[in-house]
Amino acid sequence: MATPPSQPLLEGSLLERSRPARTRLLLEAGERLGFAHVGVCSAEPVDRREQLSNWLAEGKHGEMHYLSDRVEAMLDPGSVLEGARSIICVADRYASASEESVPAAPRGRIARYARGRDYHDVLRRRLARLAAAIEDHAPGHRARGVVDTAPLMEREHALRAGLGLIGKNTLMIRPGEGSWMVLGEVLTTLELEPGPEPEWGGRGDPCGSCTRCIDACPTSAIEPFTIDATRCVSYQTIEHRGPIDPEGHRSIGDWLFGCDVCQEVCPHNLPQRRVGSLPVLDPYRPRRDGFDLLEVLDWREEDRRSAFTTSSLKRAKLETFKRNALICAGNALEEGHHPELRARIGALAEDESEPALVRDTARAVLERLPPGD
Ligand code: SF4
Ligand code: SF4
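Since we're looking at a predicted model, the values are computed, not measured.

For helix α14 (residues 339–350), built from twelve residues, the straight-helix expectation of 16 Å at 1.5 Å per residue is met to within 8% by its first-to-last C-alpha distance of 17 Å. Listed as buried for α14 are Leu 341, Arg 342, Arg 344, Ile 345, Leu 348 and Ala 349. One side of α14 holds all its buried residues, which, seen down the axis, span an arc of 160°. Seen from the buried face of α14, the exposed residues on the opposite side, beyond 90 degrees, are Pro 339, Glu 340, Ala 343 and Glu 350. Against the buried residues of α14 lie α11 (293–297), α13 (318–335) and α15 (356–368).

This brings us to the site of ligand 2. Close to ligand 2 lie Lys 168, Asn 169, Ile 173, Cys 207, Cys 210, Arg 212, Cys 213, Cys 266, Pro 267 and His 268. Looking at side-chain class alone, the shell around ligand 2 contains six nonpolar, two polar and two charged residues. Residue assignment places the shell around ligand 2 across two domains, with domain 1 (19–98 + 116–188) and domain 2 (212–367) each supplying three or more.

Right, let's talk about the sheet that holds strand β7 (residues 181–188) for a bit. Spatially, four strands are ordered β1-β2-β7-β4 in an open sheet, and the strand pairing comes out antiparallel. At either end of the open sheet lies a strand with only one pairing partner, and these are β1 (37–42) and β4 (143–146). In this sheet, neighbouring strand axes are inclined to one another by 20° on average, regardless of whether the strands run parallel or antiparallel. Bridge analysis of β4 against β7 gives four bridges, and the strand direction is antiparallel.

Close to ligand 1 lie Cys 217, Pro 218, Thr 219, Ile 222, Ile 227, Cys 232, Val 233, Cys 259, Val 261 and Cys 262. Counted by class, the shell around ligand 1 contains nine nonpolar, one polar and no charged residues.

Next up on the list: the environment of Gly 116. Mapped onto the secondary structure, Gly 116 falls in the loop between β3 (107–110) and α5 (119–137). On the accessibility criterion, Gly 116 (1% relative accessible area) is buried. Note: C-alpha distance between Gly 116 and Arg 32 (84 residues apart in sequence) is 22 Å.

For the coordinates displayed, the defined rule picks out 28 salt bridges. Across the pair Arg 112 and Asp 260 runs a salt bridge whose closest N-O atoms are separated by 2.9 Å. Of this pair, Arg 112 sits in the loop between β3 and α5 while Asp 260 sits in the loop between β10 (255–257) and α10 (261–264), placing them 148 residues apart in sequence. For the pair shown, Arg 112 and Asp 260 are each scored as buried. Here Arg 304 and Glu 301 are joined by a salt bridge, their closest N and O atoms 3.1 Å apart. With Arg 304 and Glu 301 both in helix α12 (residues 301–308) and three residues apart, this pair spans about one turn of that helix. Classification of Arg 304 as buried rests on a relative accessible area of 11%. When salt bridges with common partners are traced through the structure, they connect Arg 109, Arg 112, Asp 254, Asp 260 and Glu 264 into a single cluster.

This part covers the sheet that holds β3. Spatial ordering of the open sheet is given by β10-β3-β11, a layout of three strands whose pairing is mixed. In this open sheet, the two edge strands, each paired with only one partner strand, are β10 and β11 (290–292). For this sheet, the mean inter-axis angle between neighbouring strands, taken without regard to orientation, is 35°. In this sheet, β10 lies alongside β3 in parallel orientation, the contact comprising two bridges. Bridging from a neighbouring strand, Ile 110 pairs with Phe 257 of β10. Set on the sheet, α13 makes contact with β10 and β11; between it and β10 the angle comes to about 175°.

Looking now at the confidence of the model for the protein chain. Low-pLDDT stretches of the model should not have their predicted coordinates read in fine detail. Mean pLDDT over the protein chain works out to 91, with 94% of the residues at or above the 70 mark. At the level of individual helices and strands, the protein chain shows its lowest average pLDDT in helix α3 (residues 65–68), which scores 80, and its highest in helix α7 (residues 212–216), which scores 98.

Take α5 next. End to end, α5 covers 27 Å across 19 residues, agreeing with the expected 27 Å (1.5 Å per residue, within 8%). All of the buried residues in α5 are Tyr 119, His 120, Asp 121, Val 122, Leu 123, Arg 126, Leu 127, Leu 130, Ala 131, Ala 133, Ile 134 and His 137. Those residues of α5 hidden inside the fold are in contact with α1 (19–32), β2 (86–93), β4 and β7.

Here is what the cut-offs are and how they apply
- Residues numbered from 1 in each chain as written.
- Chains lettered and ligands numbered in written order.
- Predicted model: local features only at pLDDT ≥ 70, side-chain atom pairs only at ≥ 80, totals over all residues.
- Heavy atoms only, no water.
- Helix = DSSP H or I, 4+ residues; strand = E, 2+ residues; numbered from the N terminus.
- Expected span 1.5 Å × (residues − 1).
- Buried < 20%, exposed > 50% of the residue type's maximum accessible area, 1.4 Å probe, protein only.
- Arc of directions from axis to C-beta.
- Contact = heavy atoms within 4.5 Å.
- Near = heavy atom within 4 Å.
- Nonpolar A, V, L, I, M, F, W, Y, C, P; charged D, E, K, R; others polar.
- Domains from an automatic or database assignment.
- Pairing = 2+ DSSP bridges.
- Axes fitted to C-alpha atoms, helices over the stretch in contact; angles between N-to-C directions.
- Salt bridge = Lys/Arg side-chain N within 4 Å of Asp/Glu carboxyl O.
- pLDDT = per-residue confidence, 0-100.

Here's what the structure looks like:
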């Protein structure tokens, strides 16, 4: 149970304590805030310039220009908080297992991280509380909570802080717990002691000879420890705002928003590999695992807004969500007979009140279907 906002998170001055002692207090405060894992690393720049530059030069970031525009900032936490000396890294669990029953067609699935409350909100409030406590108890020092909102190579810092290891699928894997985790950080000008040392001994390769995620990825987007975002279903269904090449429609399967395949197949996420029973905080508990495709294809803006309230799905615009739903619908029609769905796609293809993206995707989907299906 997290410390209620009415109770102080810290007592006394952090500055009057030794570096290890104040670090311990902050780690304990993070645990009291309900984070599943808390660690500390120094805010030194990340030594990944060459890999990052090569990845960007090959265009593997697609339309995520905010990455290519902020390379220096991404490498140096000092650009997120001037004078930053330390980073408190946190992780929250948002799911506990890979196994699930696949929703029957015609439904589209959403990635697990988007099934509960928006994780940005769930993390942000507690990180802001931790940052405020640092500023209150270390006068003259600054602190800033970050969740995906600033250019920061958060997995690199989480690795340094001992929260987990990086898998071939590029996600953070915590041995004994898996990868269903979201990350957040508090950067501070306060000097802290890096650690604690994880029981698996710091850096290392969590994968060994395993290649399951590479083999299972529907678009062959994974090379060991790097992903071509332009091929990734998660990127295509969330970040990419334009038309999706019809050649790639089938590999999107029934993913309406995101893709969990490379985590579903990862042996670290198998229940038998997990140690103990680790709770998923209430806000992350799934409220829905997907949507009825016919329903989405009928949506107006107000329907999207009310369905996505307090969810990280709100990142998706109506036209891109409908684009995704059309592609999932086409894939469902290849698997089974759904006359109502087919009729709805036909109507959207001709509906001049719909954006060009929706009409053109509907036409492309119809062209792929066998006649008279
Ligand atoms: S999210 Fe899906 S498409 Fe993207 S790398 Fe993982 S398995 Fe491949
Ligand atoms: S599926 Fe295998 S190779 Fe991929 S991240 Fe998990 S352990 Fe590593």
